[in-house]
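Each chain is listed here by its residues.
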There are 2 protein chains.
Amino acid sequence: MNCIRTFGYTLVFSLLMLGGYAQKAMQNHPNIIVFMVDDMGWMDSAVPFYDSLMPLNKQYHTPNMEHMAMMGVKFTNAYAQPVCTPSRVSYITGMNAARTHVTNWTSPNKNTDADEKDYQFESLNWNMNGWSNNAKMERTVLATPLPQLLKEAGYYTIHAGKAHWGAMGTPGANPYNLGFMVNISGHAAGHPQSYLSEERYGNIPGKYRAQAVPDLEEYYNTGTFLTEALTLEALKALETPISRKEPFFLNIAHYAVHTPLMADNRFVQKYYNAGLDSVEARYASLVEGMDKSLGDIMNFLKAKGVEKNTIILFISDNGGLDHHERGGTIDTHNYPLRSGKGSVYEGGIRVPMIVKWPGVVLPKTTNNTPVIIEDFFPSIVDMAGIAQNNIVQVIDGQSFVPLLKNPKMKRADRALVFHYPHKWIHLSENEKLGINYFSAIRYGNWKLLYNMRNQSVELYNLSKDIREQKDLSNQYTAEVKKLTILLGTELRKRKAQMPILKSSGKEIPFPDDAVQ
Amino acid sequence: MNCIRTFGYTLVFSLLMLGGYAQKAMQNHPNIIVFMVDDMGWMDSAVPFYDSLMPLNKQYHTPNMEHMAMMGVKFTNAYAQPVCTPSRVSYITGMNAARTHVTNWTSPNKNTDADEKDYQFESLNWNMNGWSNNAKMERTVLATPLPQLLKEAGYYTIHAGKAHWGAMGTPGANPYNLGFMVNISGHAAGHPQSYLSEERYGNIPGKYRAQAVPDLEEYYNTGTFLTEALTLEALKALETPISRKEPFFLNIAHYAVHTPLMADNRFVQKYYNAGLDSVEARYASLVEGMDKSLGDIMNFLKAKGVEKNTIILFISDNGGLDHHERGGTIDTHNYPLRSGKGSVYEGGIRVPMIVKWPGVVLPKTTNNTPVIIEDFFPSIVDMAGIAQNNIVQVIDGQSFVPLLKNPKMKRADRALVFHYPHKWIHLSENEKLGINYFSAIRYGNWKLLYNMRNQSVELYNLSKDIREQKDLSNQYTAEVKKLTILLGTELRKRKAQMPILKSSGKEIPFPDDAVQ
């Protein structure tokens, strides 16, 4: 062989090798989109997450969620915490809320307790300023955030929509501090002041509100609904990594379908025509606007030729609102689930979840394994093919990637913990709705609630009683004992905060200490 | 030679070649920082841009500007337009203001004329919505923006601070539309509502103002002055391209030293102690805070090891304010220059400018060649080593890179055009200060003003009369004729808008048609 010719071959060969390496690197770092909806209930779509199609599924029009479910896997036992900031902090830290001490929603204002005052309990010194990257920042949880790891691994990281990771005056107020390179409209607030461009998304001259949505000045008075504006901005931001062939991570966290329940005029008329209560019609229009965004994103990925290398994870941050500000009758909005947002009953914590991962996830499948919001951290780390090194926190989440790769996999039972040592809103009906001062554990098909107000427990068998109507705690005392110990052990391990009695100044005991 | 050994050599060789290519690519794409100050006058620093050190130079403390000047080249005949948006749009489009029809500052509100009403002239239908990337957007100038070109060439593009490129409800309201990947606090407003974190930079509950600075919630009530917060955020954003070894373009456009003239408490005391008027002391503290930011950036580049591959361009967007809201006596704030912001006298248009380009620019040099803000576009394109292809606009600017590379280069005289067919603020003294309805041209050492109010001209020889005290128009009629024709020709070529007389509905004639 002629050495000059060899030189040529070798050059080509080594260039090919490098090319191959780059391509492999791309495959090892698929694009990842988390599509997070705010306050969306388990029943708020045409996709049935229950065994059969329910009346509420027929009320909503979500063709893009249906399409996504046909292309991916539907998780029917997916969970989040009962309110938003705890779930959002768990998502980006991998820690359970009992461990973060971010157990309630955070006020946009620093050191401001969102809890209502109570007659029985003291105010809790919880991490009311949210997440932080600064160990000296008071009342925050220190943790290495997921977007930071992705950014360091070479991902182009984009946040669009609701952030709500921490209060003004602290690092959590700014998504840049979490490792996002682009931030569109994310800040310290937990809901939009307005969805309307005509109201400048709440930036009304002379009337500043912390919830006025920032960064969308170009859309003022253009008739662009907030959900649409965020989608357009997110897609604009995606152009950059796609044109550069860099892997991207997009966290699109819609303000929809949180209050204020304003009509998305592109969709609301058909719900009025269908005879829905006016509030419910507006709510359904918010859902459909969110669904259109999902479709626009999927179409965009296809048009850009990156669909096959992009994972989409769809989830809501807590159960659907079932309360004041909704139309209709209380305790019906998540039927057959009981109660709604704020509650540790299923209506407050069970959420819609779909994962689409072309070439990995078997299309049109259903997975019944229980998963929880803190699983997103280790799962996305897994998906991105990166190391979970140099992180400062203890991870409670477990990767669900093995479940995606092997849909027949059976996992051993596992304790899913919900912890809400707070008073969300004072309403007399709340305490029978599992709202205010409750913990809960799901283990296998069993679900145990711990009512901290009176230190009582309830036990349900979810496989037979998803609506949690039949308290079995007096019948199944062995299960009660097992689950109170399990919940107590997990809360203790996570150094969970318990409410403090005004009368004695002492903490409410852990469930296994209270219930013998 | 053994072919196997050759293979090894060749692989190493080709890898080295690729490495070399990458390194060369980096060198061909140096990092670029534009450090733009708002409303900073030619005299507002310790760096003398005039022939000798003037009293104002001694009043200000700007050690970092002095350091930068020692490392780079000082342009003593650098110009901008008399107010901010025209200069900022010229900078990112390469077009002269007479051509963009963005000849005045833009209101944050769409279709809102910033001009004061006049007794003689109609309101002008100028591009009061600013820059746009949408040909259908009313009252905007369509142009391919500089950051877009840089982004497409692989630069990591960051904006921090004042944007002011267009009105709310139009694309110019959002720096993302200009090709910035990161936007920190840039929006439609032209000044900050407040510099103070204690006032949440103007985001006061219940009191929304368009000028409230967005995106800095994490700094609320932390005692961080606006200038400092923007610097910290800009440096945070720079971490990403530096760690990825990507070339970056940072446009750090401070809100300082624009009104409101609030004290930067880190620096103000020494100016009070020096006996300065209280407004002037606060102004000097804004200047020094801005200078600290420059130093922090230079130190950061050094610490990160990228100083040698980073170009910094320092400039102001117009002359220093010399008017209401300043302390002391009118027409002294830019001494020896006449007048200030808003004026086509030198005080309104001559600006401090320094360029630091390690390895290219000879340190501690001075360049007297006249340059103008629209030169930034072709110069930065040159510096970045990228093509100026596929741009939709006609470029009026000329690259000053040849002047940087060859400080002895002499350029042929060139027409620099200033055009302000507006009424900035109605004050009786304005018209003798070159403010309201003036055009001007600088050509060689000659400067001609055209007063559109009465269609008269003034002529000055700047080499002998930098303060523009001695109108030579009656003595040097040949020069008057030459410069009126030159100004008229340039204005006509650029399709400049002229004020319309209420009496006749006709446009004021171009200078060469008015003055025979």
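Up top is the structure.
None of the values given here were measured: they were computed from a predicted structure.

Peer 1: What's the story with the sheet that holds strand S12 (residues 416-420) of chain A in this structure? I'm lost.
Peer 2: In any sheet, the strands associate via hydrogen bonds between backbone groups, in a parallel or an antiparallel arrangement. All names here are of chain A. Taken in spatial order, the four strands make up an open sheet running S12-S13-S14-S15, and their pairing is antiparallel. Strand pairing shows two members of the sheet lacking a second neighbour, S12 and strand S15 (456-461), which therefore form its edges. Each neighbouring strand pair of the sheet contributes to a mean axis angle of 15°, computed without reference to strand direction. Summarising the sheet, S12 and strand S13 (residues 438-443) pair through five bridges and their orientation is antiparallel. Of the residues in S13, the one forming a bridge with Tyr 420 is Phe 438. Sheet strands touched by helix H13 (residues 477-493): S12, S13, strand S14 (446-451) and S15. Its angle to S13, the strand with the most contacts, is close to 115°.

Peer 1: What am I meant to see in the packing of aromatic side chains here?
Peer 2: Given two aromatic rings, one states the distance between the centres and the angle between the planes to describe the pair. Residue and element names in this part refer to chain B. Evaluation of the coordinates by the stated rule reveals 28 aromatic pairs over all chains. Pairing Tyr 60 with Tyr 283 gives two aromatic rings, centres 6.3 Å apart and planes at 70°, and the pair type is edge-to-face. Taken together, the residues span a long stretch of sequence, with Tyr 60 in the loop between helix H2 (55-59) and helix H3 (63-71) and Tyr 283 in helix H9 (residues 278-303) at a distance of 223 residues. Exposure remark for Tyr 60: the relative accessible area of 2% places this residue in the buried category. Ring centres of Tyr 195 and Phe 225 lie 5.3 Å apart, and the angle between their planes is 5°; this geometry places the pair in the stacked category. Here Phe 225 lies in the loop between strand S6 (182-184) and helix H7 (226-244) and Tyr 195 lies in the loop between S6 and H7, a separation of 30 residues in the sequence. Judged by its relative accessible area of 0%, Tyr 195 is buried.

Peer 1: Looking at this structure, I do not really get the pairing of strand S2 (residues 73-79) of chain B. What am I missing?
Peer 2: Every other side chain in a regular strand lies on the same face of the sheet, so the side chains alternate between the two faces. All names here are of chain B. The buried fraction of S2 is high, at seven of seven residues. For S2 and strand S9 (residues 350-356), the ladder comprises five bridges, and the chain directions are antiparallel. When the bridges of S9 are listed, Val 73 appears paired with Val 355. By the bridge criterion, three bridges tie S2 to strand S10 (residues 365-367) in an arrangement that is parallel. Of the residues in S10, the one forming a bridge with Phe 75 is Asn 367. Sheet topology places S2 next to strand S11 (residues 371-372); two bridges connect them, and they run parallel. Residue pairing in the sheet places Ala 78 in a bridge with Val 371 of S11.

Peer 1: Help me understand the packing of helix H3 (residues 63-71) of chain A against helix H9 (residues 278-303) of chain A in this model?
Peer 2: Residue and element names in this part refer to chain A. Between H3 and H9, whose axes approach to 7 Å, the crossing angle comes to 50°. Classified by the angle their axes make, H3 and H9 are oblique. Here H3 contributes Pro 63, Asn 64, Met 65, His 67 and Met 68 to the contact with H9, which in turn contributes Met 290, Asp 291, Lys 292, Leu 294, Gly 295 and Met 298. Class assignment for the residues of the contact of H3 with H9 results in six nonpolar, three polar and two charged.

Peer 1: I would appreciate a short explanation of the pairing of S9(B) in the present structure.
Peer 2: Residues and elements named next belong to chain B. Within S9, seven of the seven residues are buried, which leaves it mostly tucked inside the rest of the structure. Here S9 shows no split at all, with Arg 350, Pro 352, Ile 354 and Lys 356 on one side and Val 351, Met 353 and Val 355 on the other all buried. Across four bridges, strand S8 (residues 310-316) lies against S9 in antiparallel orientation. Considered in S9, the bridge of Leu 313 is made with Val 355.

Peer 1: Quick question: what am I supposed to make of H13(A) here?
Peer 2: For an α-helix, 3.6 residues make a turn, and residues three or four places apart therefore share a direction. Residues and elements named next belong to chain A. Between its first and last C-alpha, H13 extends 24 Å over 17 residues, near the 24 Å set by a 1.5 Å rise per residue. Burial in H13 covers these residues: Val 480, Leu 483, Thr 484, Leu 487, Gly 488, Glu 490 and Leu 491. One face of H13 carries all of its buried residues, which in axial projection span an arc of 165°. Opposite the buried face of H13, by more than 90 degrees, sit the exposed residues Ala 478 and Lys 481. Lys 495 sits one or two positions beyond H13 and adopts a positive phi of about 55°.

Each value, and the rule that gives it
Residues numbered from 1 in each chain as written. Chains lettered and ligands numbered in written order. Predicted model: local features only at pLDDT ≥ 70, side-chain atom pairs only at ≥ 80, totals over all residues. Heavy atoms only, no water. Pairing = 2+ DSSP bridges. Helix = DSSP H or I, 4+ residues; strand = E, 2+ residues; numbered from the N terminus. Axes fitted to C-alpha atoms, helices over the stretch in contact; angles between N-to-C directions. Contact = heavy atoms within 4.5 Å. Phe/Tyr/Trp six-rings, centres within 6.5 Å; stacked < 30°, edge-to-face > 60°. Buried < 20%, exposed > 50% of the residue type's maximum accessible area, 1.4 Å probe, protein only. Parallel < 35°, antiparallel > 145°, perpendicular 65-115°, else oblique. Nonpolar A, V, L, I, M, F, W, Y, C, P; charged D, E, K, R; others polar. Expected span 1.5 Å × (residues − 1). Arc of directions from axis to C-beta.

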